[in-house]
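# Structural overview
The lines below spell out each chain.
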Amino acid sequence: MFVEDVFNEKGILLYSANTLIDGYHEIENLRNQGVSSLYINTTKGTDIADYKIEITTPEMLGELTEIGIEVLADYEKKLEQAFKVRQKTISTVRNMLSDARSGRMFSLQTIVKTVEDMVEMVLEEPDVYLRLGQIKEHCQSTYLHSINVSVLMTGFAAALGYSKAKIVEAGISGILHDIGKVKIPESLLKKDGALTRQEMDLIRQHPAMGIEIIKASSQKIPESSLKVIMQHHERINGSGYPRRLKSKQIDEMAIICTLADVYDSLTSGTDYRKPCLPQEALALIFQGSDEEYPRELVEHFTKMLGIYPVGSFVKLATGEMGIVIKINRTSLLTPQVMVLFDNNGERVQIPYVKNLAVSDREFDEKIECSLDPLIYQINPSEFVSNKM
Ligand SMILES: [Fe+2]
Ligand SMILES: [Fe+2]
C-alpha cells in the first residue's frame, strides 16, 4: 500500500506522500517509531484485508498535528527564553568589559546572577541552550567570544556531571577567561598574519593581565576562575603559555575552558580567516588528544557537541540540505535537521524538520556529508537563534 502524511508521536512528519509499504515488518517499524495512525492512499497499491490498521480521519489528523505543533511550540518557547537570557548576558558582559577597559569598578554580582539564569536553562534543556552557543558573528568581539565560551563551558560541566555550584563557576570562568584582553589594543587582537616577537609577547600576557584586573577590582571570584584565567592557554605537553605547565599541573576547569575556547575560535571567522566547519574544528581538536588536551575530555566534549554539532550545514543522502538543529545523544550520526534545500537543490519555501533518528529509511535518511554554508549563502546562526 501507499501511505501519506505519516507523523510520529511528536508530530514530526516522517513521510509526506507516495511512500510504499510492502510488508508487515514495515508497519511494525512505523509503530516502533511512534506512528499511531496514517493515511492509506487506496487509489494505489493492493488492499491488505487481514491486517487491522487504524485509518485516521481528517479531524484526527488535525488533532495529531496540533499535538506535534504544541511540542515544537514548547521547544521554540524555551529557545526564545534562552535567547532572552543570552541577550541580557550580552549587555551585562559588554558593560563589564568596557568598565574593565577604562579601569572602572565592575560588578561581579551582576555576572553571577546572569550566569545563574543561564545555568538554570542549561540544566533544564541542554540542547536548547547549546544552540545558543553556536550563534556566531563575523569577526566576533571578545564579549561574544566570552559568552560563547561560557555557554560551552556550562554545557560541558553539566555533561561531565559537575554540581550546580561548579557549573555556575564554569559559566563565570568562561565570561572572565579573556578579561585581560581589554588591556591589549583591538588592532593587535585583529591583526592578520605573522605577529612580531613583541606583539606575540604582549598577547601572551593577557592571562596575567586578567589576574591583575581581578585583583585591582577587589572582587572575590572563585579559585577555579582564577586558574581558568591564568591557565587556559596551557597545554598538557608543556607547549602552552604563560608558564608551560604540564598535565596534572593544569586545573581541569582550565582544560574545559581551553576546549571551549579553541572550538569557538576555530568556528568563528575573521576578516582574514574563513571559519572552520563545526566538525572540522572537532577533528582538529581531536588531533590534539594526548598531546595538547587529555583524550578523555576531548571525547566527552565531542560527545556533548555531537559528530555533527548544532549549526552544521549538512547534505542528506536524499539530496536535501539543511542545518542540524538538535542532537540525538544516543545516536550522534542521526540528529534533527531543518531542511532548507530540496533534493533538486532548490530552496524550500517553508523549512521542515527531519528527525533522522526516528526514520527507518536507514540508507537515504543518513547524512552524506557536511557542506560549507557560505557557498549556499546560509548563515547557520539565523537558524540556531529563534529567528526562524
Ligand atoms: Fe585567551
Ligand atoms: Fe578566549
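A brief structural summary. Each chain carries its own residue numbering, running from 1 in the direction its sequence is written. Written order decides the labels, with chains lettered from A and ligands numbered from 1. In view of the model being predicted, local features appear only for residues whose pLDDT reaches at least 70, and side-chain atom pairs are presented and counted only at 80 or more, with totals across whole chains, interfaces and linings using the full set of residues. The side-chain values count all of the structure's non-hydrogen atoms but skip hydrogen atoms and water molecules.

### Quick notes on the coordination of the iron ion (ligand 1)
Each metal site is built from N, O and S donor atoms within 2.8 Å (3.2 Å for Na, K and Ca), and since water is not included, such sites may look incomplete. Bound to the iron ion (ligand 1) are the protein donor atoms D178 (OD), H206 (NE2), H232 (NE2) and H233 (NE2), situated 2.1 to 2.2 Å from the metal. One can describe the site at the iron ion (ligand 1) as irregular: its four donor atoms subtend angles covering 87 to 178° at the metal. For the iron ion (ligand 1), the donor residues sit on a single chain with the sequence spacing D-x27-H-x25-H-H. Between the iron ion (ligand 1) and the iron ion (ligand 2), a spacing of 3.7 Å is present, and a bridge between the two is formed by D178. Each label reflects the angles at the metal, where four donors whose angles all fall between 85 and 135 degrees are tetrahedral, four or six donors whose opposite pairs open beyond 155 degrees and whose other angles stay between 65 and 115 are square planar or octahedral respectively, and the rest are irregular.

### What to know about the coordination of the iron ion (ligand 2)
On the protein side, the iron ion (ligand 2) has H145 (NE2), H177 (NE2), D178 (OD) and D261 (OD) as donor atoms, found 2.1 to 2.3 Å from it. Each of the four donor atoms around the iron ion (ligand 2) contributes to a set of angles spanning 78 to 173°, which defines the coordination as irregular. Between consecutive donor residues of the iron ion (ligand 2), the sequence gaps follow H-x31-H-D-x82-D. Using a 1.4 Å probe on the protein chains alone, a residue whose accessible area is under 20% of its type maximum counts as buried, one over 50% counts as exposed, and one in between counts as partly exposed. Overall, the relative accessible area of 0% leaves H177 in the buried class.

### Observations regarding the sheet that holds strand β9 (residues 347-355)
If you walk across this open sheet you meet the five strands as β9-β8-β7-β6-β10, and the pairing is antiparallel. Single-partner strands in this sheet number two, and they are β9 and β10 (367-370). When the angles between neighbouring strand axes are averaged without regard to direction, this sheet yields 35°. With three bridges connecting them, strand β6 (residues 313-316) and strand β7 (residues 321-326) associate as antiparallel partners. Its bridge partner being in β7, V314 is matched across the sheet by G322. Two strands are said to pair when DSSP picks up at least two bridges between them. Numbering of helices and strands runs from the N terminus, with a helix taken as a DSSP run of H or I at least four residues long and a strand as a DSSP run of E at least two residues long. Helix axes are fitted to C-alpha atoms over the stretch in contact, other axes to C-alpha atoms as well, and angles between N-to-C directions run from 0 to 180 degrees.

### Observations regarding the packing of helix α5 (residues 142-159) against helix α13 (residues 295-305)
The interhelical angle for the contact between α5 and α13, taken along N-to-C directions, is 110°, at an axis separation of 10 Å. Considering their axes alone, α5 and α13 lie roughly perpendicular with respect to each other. On α13, the residues touching L152, G155, F156 and A159 of α5 are L297, H300, F301, M304 and L305. Should an angle fall under 35 degrees it is taken as roughly parallel, and over 145 as roughly antiparallel, whereas 65 to 115 is taken as roughly perpendicular and any remaining angle as oblique. In what follows, residue pairs with any heavy atoms lying within 4.5 Å of each other are defined as contacts.

### What about α5?
If you check α5, its first and last C-alpha atoms are 25 Å apart, about what 18 residues at 1.5 Å a residue would give, namely 26 Å. Of all the 18 residues making up α5, 16 are buried; the element is thus mostly covered by neighbouring parts of the structure. After α5 finishes, the residue G161 shows a positive phi value of roughly 85°. Here the expected length of a helix is defined as 1.5 Å per residue gap, with one fewer gap than residues.

### Focus: the pairing of β7
Most of β7 sits inside the fold, with five of its six residues counted as buried. The turn joining β6 and β7, which pair antiparallel and follow one another in sequence, is formed by four residues; a positive phi near 105° is taken by G319. Two strands pair when backbone bridges link them, and β7 and strand β8 (residues 336-341) are joined in this way by five bridges, in the antiparallel orientation. Its bridge partner lying in β8, I323 is registered against M338.

### A word on the nonpolar core
Nonpolar side chains tend to gather and get buried jointly when the protein is soluble and globular. For our purposes a nonpolar core is just a set of buried Ala, Val, Leu, Ile, Met, Phe, Trp, Tyr and Cys residues, chained together by side-chain atoms within 4.5 Å. Formed by 64 residues in total, the largest nonpolar core has its most connected members in M153, L176, I179, I285 and F301. Among the elements that line this core, the one with the most residues is helix α11 (residues 252-267), at 10 residues. With sequence-adjacent residues up to four places away left out, F301 is seen in contact with F156, L259, A260, Y263, L282 and I285. In terms of nonpolar packing, the next biggest core, distinct from the first, is built from 11 residues, F313, M321, M338 and L340 among them.

### Some thoughts on the packing of aromatic side chains
For Phe, Tyr and Trp, where Trp contributes only its six-membered ring, two rings pair if their centres lie within 6.5 Å, and the inter-plane angle classes them as stacked under 30 degrees, edge-to-face over 60, or tilted in between. Here the structure, examined in full by the defined rule, presents five aromatic pairs. An aromatic cluster is present here, built from F156, Y263 and F301 joined pairwise through their rings.

### Comments concerning the pattern of salt bridges
Put simply, a salt bridge is a Lys or Arg side-chain nitrogen that is within 4 Å of an Asp or Glu carboxyl oxygen. Enumeration over the complete set of coordinates arrives at nine salt bridges. With a shortest N-O distance of 3.9 Å, K227 and D251 are connected by a salt bridge. One end of the pair, K227, is in helix α10 (residues 223-231); the other, D251, is in the loop between α10 and α11, with 24 residues separating them in the sequence. Ionic pairing is found between R295 and D290, a salt bridge with its closest N-O pair at 2.9 Å. Taking the relative accessible area as the measure of exposure, R295 reaches 34% and is therefore partly exposed. One network of salt bridges, with partners in common, ties together K88, K113 and D117.

### Details of the side chain of S217
Mapped onto the elements of the fold, S217 is located in helix α9 (residues 206-217). By relative accessible area, which is 5% here, S217 ends up buried. Counted as a polar contact is a pair of N or O atoms within 3.5 Å, where, for protein atoms, one must be capable of donating a hydrogen and the other of accepting one, and residues adjacent in sequence contribute only when both atoms are in side chains. A distance of 2.7 Å separates the side chain of S217 from the backbone oxygen of I214, its partner in a polar contact. The contacts of S217, once residues within four sequence positions are left out, are M105 and F106.

### A closer look at the packing of α10 against α11
For the pair α10 and α11, the least separation of the axes is 8 Å and the interaxial angle reads 50°. It follows that α10 is oblique to α11 by the angle criterion. At the point where α10 passes α11, the crossing takes the right-handed sense. Every residue of α11 that contacts α10 at S224, K227, V228 and Q231 is listed here: M253, A254, C257 and T258. Split into classes, the residues belonging to the contact of α10 with α11 amount to four nonpolar, three polar and one charged. By convention, the crossing between two helices is left-handed when the near helix turns anticlockwise from the far helix through less than a right angle, and right-handed when the turn is clockwise. Charged means Asp, Glu, Lys or Arg here, nonpolar means Ala, Val, Leu, Ile, Met, Phe, Trp, Tyr, Cys or Pro, and polar covers whatever is left, Gly included.

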